[in-house]
Amino acid sequence: MDGIIGVLGLLPLLLEGVCCQGVYAPPTVRIVHSGHACNVEEERYSERVYTIREGETLELTCLVTGHPRPQIRWTKTAGSVSDRFQDSSVFNETLHIAKIQRHQGGRYYCKAENGLGSPAIKSIRVDVYYLDDPVVTVHQSIGEAKEQFYYERTVFLRCVANSNPPVRYSWHRGRDVLSQGSDKGIEIYEPFFTQGETKILKLKNLRPKDYANYSCLASVRNVCGIPDRRVVFRLTNRTASPSIKLLVEDPVVVNPGQTVSLVCITTGGEPPPTLTWTSGSDALPEKSMMKDGTLTLPAISSEDAGVYSCVASNNVGNPAKKSTTIIVRALKKGRFWITPDPYHNDDNIQIGREVKISCQVEATPPEELVFSWLKNGRTLRSSERMVITQTDPDISPGTTNLDIIDLKFTDFGTYTCVASLRNGGIPEISIDVNISSTTVPPNLTVPRGKSPLVVREGETVELECLVSGKPKPIILWTRADKEAPMPDGSMQMESYDGILRIVNVSREMTGSYRCQTSQYNGFNVKPREAVVELIVQYPPTVEPAFKEIRQALGRTVSMSCRVLRAHPSRVLRYEWRLGSRVLHSGHFDQRDETEYAVRSLVREGYGEYTCDIINEAGAGHCTFLVTGKAHPPEFYYDTYSPLWQNRPRVYGYKLQWTQMNPNAVDRIMAYRLGIRQTGQQRWWEQEIPVDGPIQTGELITYNLTELIRPEAYEVRLTPITRSGEGDSAIRLITYSAPINPHLREFHCSFEEEPICMFIQDKNDDFDWTRHSAATRDTKYTPNTGPNGDRTGSKQGFYMYIETSRPRREGDQARLVSPTFNVAPKNPYGITNPPVYCFGFYYHMYGKHIGTLNAYLRQKGQTTSDGPVWSLSGNQGERWRLAKVNIHPTSSFQVVFEGVRGPGIEGDIAIDDVTLEEGECQNPPSNPERTAAPPRIIHIWLLLVTLAFTLFR
């Protein structure tokens, strides 16, 4: 907490206003990776290819420059629907895909835009590598109706494995490697149509020794660390393709609710086949259970009906497949209709004429359907005047007809059609039809006042058609004015009471609706129909729905509200309000918009203006927020050398920003600066005064000092005008070791745990240790190692090698720096390589001191020319300074190597490592130092940049 107070209480910070032309810049973008890459290489046209193994984590980060800060969006070409990922609009966004799958490979695009110039786009192709287990299938050259592989038969073993990159195959018989030409009885070849993905082993005229274990080895040559995959197949004289038998009838006819078991057994095949069940093109029902080839379907329903297939496979020949059909018995959807004398085109039932009663049901299976007829509850049999016709599939499946010839008064009564399935088990369906003098054809009308119907959007409406007649038919509703679906999505809806109910009616439902009689449950005569008009009113739709207007005092503000659509389209009136106060109202003329202007804005004129445009259905609202708040500042992320180090415990940061639209509102008089450590709750604030007006594009600089290393800070900046505080902008300041490309220097005192991104060499014998205070144990090693860091502080840290047991003489510990990138300053100028001064403090005290070496490791070089600095033996109980000029020609690292001497009193320590551009000034004399001579070659003028310092 004292550190925070020091940061914020002692902020005698500098304020600089710099008008910097060209601060606003279009975006640039590049893609970096931090996941489990096997390889990253450049392709043509600078496209990068990122290779990753399936199941690893993909991380791609889009790094941008430009001001205002560009927004970033990741997109991907192709890819299935399940592979889509959310677009991102957060700058420096990292695309993270855990456990990447093969279908997620492809080209990924990073797009950055900030409204200036064209968007910047970079792409990277992600290639996902994988190797599946190979599969061996076996075939005979002679028809596979034979059960066994007899002698003098030719056999083919085919090996296939899915992979990326393409797989290579090798065949083995037992422990022997098989190759083309090694055995006259075999051939190994690749069919041209497989495009290199398949290898076939051909065994010609089987010999006794050909009956053996064959293994196929699939390999992608350890690319991406993917190991080889192997599969073994045993070929014997009993090897045979599978055969199966179903122990069920076909079809299987069951009643709903029953449990069905489908039994499948193997009757042949070596090796023993594997049995699976499939259901048509769909998956098996979730409730199904399979065990030892038996598929069980408990409590079966009509939805479970269909074709079920048992499939047996042992990779020999073709899989065996047998199928059966499950039929679930059912009766449903009983209907009837009455047809008056069809020969005289009658609409009425008349004595002396013919009348037909038809009855229809849906039956499964249809061949089990049985009909019977009753009259007034008594069984009716077919006769000359009462002709009963059972189901006639040529006319209407599942239908029975009763024709009454020469209708007599005694024929009036109730006729009952009864439908059932043979063998029972399913409840029968009975339908009563009354034939009497009161049986009359239907009539259809729309009640008075029910058309047109005017309702408001969102209400519930009932369209009604009155139907008379006996019996009453089913009413069918459709759209009459256009080919459009009904409210439930279907093209036609049925109603038994003549009412169509629509809940939450929408404006799209406006139009004409036709109701008409159906032949079902009524007379089979020419349909009667009527039309109901539905008018859905809705309030005006207006624009803008919301708009923010920022304006300074004394200026003019104009607002306009426009009608896009409304029903009724005759808009009654408009009303402008500020808060609850009415400013202006009126009626529309021929125009479709209304305007309101404030001639000279005063402080009381700030607020929320609303324009209500009102019709019979309600009001549409345009809202305008007029404010004098300043726009938020725009932080400048491309600041030249933003981070520097004042003292070992603190760092400073150069905060820079421009002001968005500074002239839109009153002059900004000050900024309120808030700062807090990340994760803390309390903000510390102070005001930064501003002298004079801020210009568009003016770069404002404010130096933050006394920031505690290595803490990160959240900074909030709020502009202040005479109208009050404007919108704030927040950014994060991250400490990232005192590595700064623009300062052209590197300094590391090992005070923080990340030790300036130094890493331990994985190929050495032991590690360097970070430590503070004395390293020695005075009881055992009283005469070795430092008592504190280079400054003498017991709290300061340094790195040293611990030479106590189990270390042995000659053991090496290597500490490797981060990579420093060397980039050309002038691509057309050829000059000598730049020189850098590499410096550090060392402590080599003890009678068993070994050797301290410093190496220059350059990119692309596997060997070193020897140390650039080396020293051996006891140098006394004090810290000494070493400096040496180095001449790198490519990206490089520096390596500290500590070599253990002959005993335990040999601790070597280092501290305050520096790297500066230019030759060393006043290097210390050290007669025992041996330095490698600089290599002078012609190279472009290089500028040092450090790869991993990217400040956001």
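Quantities reported herein were computed from a predicted structural model and do not represent experimental measurements.

Peer 1: Can you walk me through the overall build of the protein in this structure?
Peer 2: The helix and strand tally for the protein stands at one helix and 74 strands. Looking at the 952 residues of the protein, the share that counts as buried comes to 46%. For the protein, the accessible surface area stands at approximately 48,100 Å², while carbon and sulfur atoms represent 48% of it.

Peer 1: Explanation requested: unusual backbone geometry in the structure shown.
Peer 2: Most peptide bonds are trans, and most residues other than glycine sit at a negative phi. Note that the residue after H67, namely P68, is joined by a cis bond; omega there is 0°. Mapped onto the secondary structure, P68 falls in the loop between strand 5 (58-67) and strand 6 (71-76). Of note, the amide linkage connecting E270 to P271 takes the cis form, showing an omega dihedral of 5°. In this structure, P271 sits in the loop between strand 21 (260-270) and strand 22 (274-279). Phi at N376 takes a positive value of approximately 50°, unusual for a residue other than glycine. One non-glycine residue, N661, lies in positive phi territory at about 40°. By the element assignment, N661 lies in the loop between strand 54 (650-659) and strand 55 (670-677).

Peer 1: What exactly am I supposed to notice about the packing of aromatic side chains here?
Peer 2: Each aromatic ring pair is characterised by the separation of its centres together with the angle its planes make. Overall, the coordinates contain 19 aromatic pairs when judged by the stated rule. Judged by centre distance (5.2 Å) and plane angle (55°), the ring pair of Y842 and W869 falls under tilted. Taken together, the positions of Y842 in strand 68 (residues 836-844) and W869 in strand 70 (residues 869-872) put the pair 27 residues apart, joining distant regions of the chain. Across the pair, exposure class does not vary: Y842 and W869 are buried alike. One aromatic cluster is present, built from ring pairs that chain together F750, F758, F838, F840, Y842, W869 and F896. The residue whose ring lies beneath R716 is W683, and the NZ or CZ to ring-centre distance is 4.0 Å.

Peer 1: What should I look at first to understand the side chain of T627 in this one?
Peer 2: The topology assignment puts T627 in strand 51 (residues 618-627). There is a polar contact of 3.0 Å between the side chain of T627 and the backbone nitrogen of K629. Discounting chain neighbours no more than four positions away, the residues touching T627 are E548, I549, R550, Q551 and Y606.

Peer 1: Would you take a moment to explain the side chain of S817 for this structure?
Peer 2: In this fold, S817 is placed in the loop between strand 66 (812-816) and strand 67 (820-831). Exposure remark for S817: the relative accessible area of 1% places this residue in the buried category. At 2.9 Å, the side chain of S817 and the backbone nitrogen of V894 are in polar contact. Once you skip the residues sitting within four places of it in the chain, S817 turns out to touch M757, F758, Q893 and V894.

Peer 1: When you look at the pairing of strand 11 (residues 155-160) in this model, what are you seeing that I'm missing?
Peer 2: Across a regular strand the side chains alternate sides, sitting on one face of the sheet and then on the other. Burial along strand 11 is one-sided: V155, L157 and C159 are buried, while F156, R158 and V160, pointing the other way, are not. As paired strands, strand 10 (residues 135-140) and strand 11 are joined by six bridges and run antiparallel to one another. Residue V135 lies in a different strand from strand 11, and its bridge partner there is V160.

Peer 1: Can you walk me through the environment of R682 in this structure?
Peer 2: Examined against the element boundaries, R682 turns out to sit in the loop between strand 55 and strand 56 (684-689). Ignoring sequence-local partners within four residues, the contact set of R682 consists of I675 and R676.

Peer 1: Help me out: how do you make sense of the sheet that holds strand 28 (residues 355-364) in this one?
Peer 2: The strands making up a sheet associate through backbone hydrogen bonding, with each pair oriented either parallel or antiparallel. Spatial strand order, 31-32-28-27-43: five strands in an open sheet with mixed pairing. Every interior strand has two partners, whereas the edge strands, strand 31 (386-389) and strand 43 (522-523), have only one.

Peer 1: Sorry, what's going on with the state of the cysteines here?
Peer 2: Any covalent bond linking the sulfur atoms of two cysteines counts as a disulfide. This model, assessed by the stated rule, comprises eight disulfides. With a sulfur-sulfur separation of 1.6 Å, C38 is cross-linked through a disulfide to C224. On the S-S bond that ties C38 to C224, the torsion sits near 100°, and the link is right-handed. With a gap of 186 residues between them, C38 in strand 3 (residues 37-42) and C224 in the loop between strand 17 (213-219) and strand 18 (229-234) connect regions that are remote in the sequence.

Peer 1: Hey, could you run me through the sheet that holds strand 13 (residues 168-173) in this one?
Peer 2: The antiparallel open sheet is built from four strands, whose spatial order is 14-13-17-18. Of all the strands in the sheet, the pair left with one neighbour each is strand 14 (176-178) and strand 18. Geometrically, the sheet is characterised by an average inter-axis angle of 30° between neighbouring strands, direction not taken into account. One ladder, built from six bridges, connects strand 17 with strand 18; its direction is antiparallel. Bridge pairing links C216 to V231 in strand 18.

Peer 1: Mind showing me how you'd approach the pairing of strand 15 (residues 186-189) here?
Peer 2: Burial along strand 15 is one-sided: the residues I186 and I188 are buried and none of E187 and Y189 is. The pairing of strand 15 with strand 16 (residues 198-203) spans four bridges and is classified as antiparallel. Paired with E187 across the strands is K202, a residue of strand 16.

Peer 1: Mind showing me how you'd approach the environment of L915 here?
Peer 2: Position of L915 among the secondary structure elements: in strand 73 (residues 908-917). For L915, a relative accessible area of 6% puts it in the buried group.

Peer 1: Explain the nonpolar core to me, please; I cannot follow it from the model alone.
Peer 2: For soluble globular proteins, the rule of thumb is that nonpolar side chains tend to be buried together. The biggest cluster of nonpolar side chains holds 35 residues, and the ones touching the most others in it are F758, F838 and F840. Sort the elements by how many residues they give to this core and strand 68 lands first, with five residues. Contact partners of F838, with chain neighbours within four places excluded, come to A854, A882, K883, V884, I886, V894, F896, V913, T914, L915 and C920. Grouped together as the second largest cluster of nonpolar side chains are 30 residues, I338, L369, F412 and V433 included.

Procedures and definitions
Residues numbered from 1 in each chain as written. Predicted model: local features only at pLDDT ≥ 70, side-chain atom pairs only at ≥ 80, totals over all residues. Heavy atoms only, no water. Helix = DSSP H or I, 4+ residues; strand = E, 2+ residues; numbered from the N terminus. Buried < 20%, exposed > 50% of the residue type's maximum accessible area, 1.4 Å probe, protein only. Areas by Shrake-Rupley, 256 points an atom, 1.4 Å probe, with all protein chains shown as cover. Phe/Tyr/Trp six-rings, centres within 6.5 Å; stacked < 30°, edge-to-face > 60°. Lys NZ or Arg CZ within 6 Å of the ring centre and 35° of its normal. Polar contact = N/O pair within 3.5 Å; in protein donor to acceptor, adjacent residues only side chain to side chain. Contact = heavy atoms within 4.5 Å. Pairing = 2+ DSSP bridges. Disulfide = S-S within 2.5 Å. Axes fitted to C-alpha atoms, helices over the stretch in contact; angles between N-to-C directions. Core = buried A, V, L, I, M, F, W, Y, C linked by side-chain atoms within 4.5 Å.

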